[in-house]
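Now for the letters of each chain:
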Amino acid sequence: SSGINAEYGGAPLWTASSQYLCCLAERHALLFKSNLYHSYSLFFGLYFMVFLSTGVWGNLIYYFVYMLFSKSSTSDGDHMISGELCGLDYNYPTINDDDDTYRDSSVRVRFNLISSYLSIAVVSVILLTVYMESRDDGDQDKDTNLASSILKTGTKLNGRQALLIPITIWSGVEQAFMMSIFSESYVVCNFGLKTHGLMMTTYGLTASLASISFGLLRKFLPMRGILSLAGIVNMVVLGVALSNSQGQLVVHLCLAGWGLSEGIWQPQLSVVYGETFPEDQISAFSHYRLWESLGFILIFALKLAKVNVAVTIYIALISLVTGMLGYFTLWWKVRKERHLNICPCDPSSNGTVQE
């Protein structure tokens, strides 16, 4: 129930923040007379640089809390699992409830982690309330609510939305795969809970740096090239995972590669939605989070059903390929429509995908 409650708050926050960033980018483009879509990439890159940096300090908090409050001092005690097989041969964990040392340690660790993260959340809400400027919606219909906006998207923008659905689902798949499958079967299983937080900082740092880097590089690189790079890196990492390589250097490289792709997918897919549906951004971002959540559900359901890791990797590959095909189909469709005087640089042309 706590997860459901968190998502009740998370979904509207994501939608509101994305639309707010689009408004800031539009003001920035007008003020500095810059390309609107470059401003989109810049602002989403900055935003997700900060957001993805939580993969660094969040994991460091986890590492130090676990070191301070866990009773376990042996390497074997670092593991949650009862088996010894990792990677493709990973057996999903069974926790011994009779182990008082583990249970007491786990309670202390969780309590201190929740306290730390909750304190940060409270401070964030206070800062947001005090310093965030309210938007002027004078140019919008005051009677328009979120429900009507979502229905509008489903009818007016359904064609282009449908082509973006697979890659949006992939966005949820790739996040869930890293946090629940790869991190557990390749990181925790091989190197233990104590080093898990420390190793995952590689992923967070790379994702954060990639987010701002490609937000700036958008001036020089086409969107299709940036997303293709992310997809290729994901394929390489999934291929390495299928080879069952589990050395520490290999795992670190996989974490860095996946972080690089993560730093592209999250900000740049938000940019794609902002560009493609400039007149219906609230409803478009609502649909974005809806379809992304299906990707999370898919991977978590596979894990709950204890589906083999290799099968899960193949499903992730299928999701990635399908998503890329959908995006490039939309890009090709927009190119064909240019002879109808639909300019790809004009924000007033609804349904635009930049190259």
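This text follows the structure it describes.
The structure presented is a predicted model; accordingly, all values stated were derived computationally and were not measured.

(A) Representation of the overall build of the protein within the structure. For the protein, the count of helices and strands is 11 helices and zero strands. The linear arrangement of helices and strands in the protein, starting from the amino end, is α-α-α-α-α-α-α-α-α-α-α. Buried residues in the protein amount to 45% of all 355 residues. Of the contacts formed within the protein by residues at least 6 apart in sequence, a portion of 83% connects residues at least 24 apart. Accessible surface computed for the protein: about 17500 Å², of which carbon and sulfur atoms make up 66%.

(B) Quick peek at the nonpolar core. Counting 68 residues, the largest nonpolar core has Leu164, Phe182, Leu255, Trp258, Trp265, Val309 and Ile313 as the members making the most contacts within it. Only α1 (2-32), α2 (36-52), α6 (158-191), α7 (193-217), α8 (223-242), α9 (248-276), α10 (281-304) and α11 (309-336) provide two or more residues apiece to this core. Ranked by residues supplied to this core, first place goes to α6 with 12 residues. The residues contacting Val309, other than those within four sequence positions of it, are Gly87, Leu88, Tyr90, Tyr92, Ile181, Ser185 and Tyr186. In this structure, Tyr62, Tyr66, Val109 and Val188 belong to the second largest nonpolar core, which totals seven residues.

(C) Representation of the packing of α7 against α9. Relative to each other, α7 and α9 sit at 35°, their axes nearing to 7 Å. Remark: the crossing between α7 and α9 carries right-handed chirality.

(D) Here's a closer look at a nonpolar patch on the surface. Residues Ile114, Leu118, Val122, Val123, Ile126, Leu127, Val130 and Tyr131 make up a contiguous nonpolar surface patch of roughly 820 Å² in combined accessible area. Within the secondary structure, Tyr131 is located in helix α4 (residues 100-131). With relative accessibility at 65%, the residue Tyr131 sits in the exposed group.

(E) Summary view of unusual backbone geometry. Look at Lys33: it is not a glycine, yet its phi comes out positive at around 50°. Counting through the fold element by element, Lys33 comes out in the loop between α1 and α2. Phi is positive for Asn244, close to 65°, though the residue is something other than glycine. Note that Asn244 resides in the loop between α8 and α9.

(F) How the structure looks around the environment of Leu68. Mapped onto the elements of the fold, Leu68 is located in helix α3 (residues 54-69). Between the C-alpha atoms of Leu68 and Arg108, which are 40 residues apart in sequence, the distance is 9.8 Å.

(G) Region of interest: the packing of α2 against α7. Put simply, α2 and α7 touch, their axes get as near as 7 Å, and they point 165° apart. Judged by the inter-axis angle, α2 sits roughly antiparallel to α7. The handedness of the crossing between α2 and α7 is left-handed. Residues His38, Ser41, Leu42, Phe44, Gly45, Leu46, Phe48, Met49 and Leu52 of α2 form the contact with α7, whose participating residues are Gly204, Ala207, Ser208, Ser211, Ile212, Gly215 and Leu216. Residue composition of the contact of α2 with α7, by class: nine nonpolar, seven polar and no charged.

Rules behind the numbers
- Residues numbered from 1 in each chain as written.
- Predicted model: local features only at pLDDT ≥ 70, side-chain atom pairs only at ≥ 80, totals over all residues.
- Heavy atoms only, no water.
- Helix = DSSP H or I, 4+ residues; strand = E, 2+ residues; numbered from the N terminus.
- Buried < 20%, exposed > 50% of the residue type's maximum accessible area, 1.4 Å probe, protein only.
- Contact = heavy atoms within 4.5 Å.
- Areas by Shrake-Rupley, 256 points an atom, 1.4 Å probe, with all protein chains shown as cover.
- Core = buried A, V, L, I, M, F, W, Y, C linked by side-chain atoms within 4.5 Å.
- Axes fitted to C-alpha atoms, helices over the stretch in contact; angles between N-to-C directions.
- Left-handed = near helix turned anticlockwise from the far one by under 90°.
- Patch = residues over 30% accessible without salt bridge, like charges linked within 9 Å, V, L, I, M, F, W, Y side chains within 5 Å.
- Salt bridge = Lys/Arg side-chain N within 4 Å of Asp/Glu carboxyl O.
- Parallel < 35°, antiparallel > 145°, perpendicular 65-115°, else oblique.
- Nonpolar A, V, L, I, M, F, W, Y, C, P; charged D, E, K, R; others polar.

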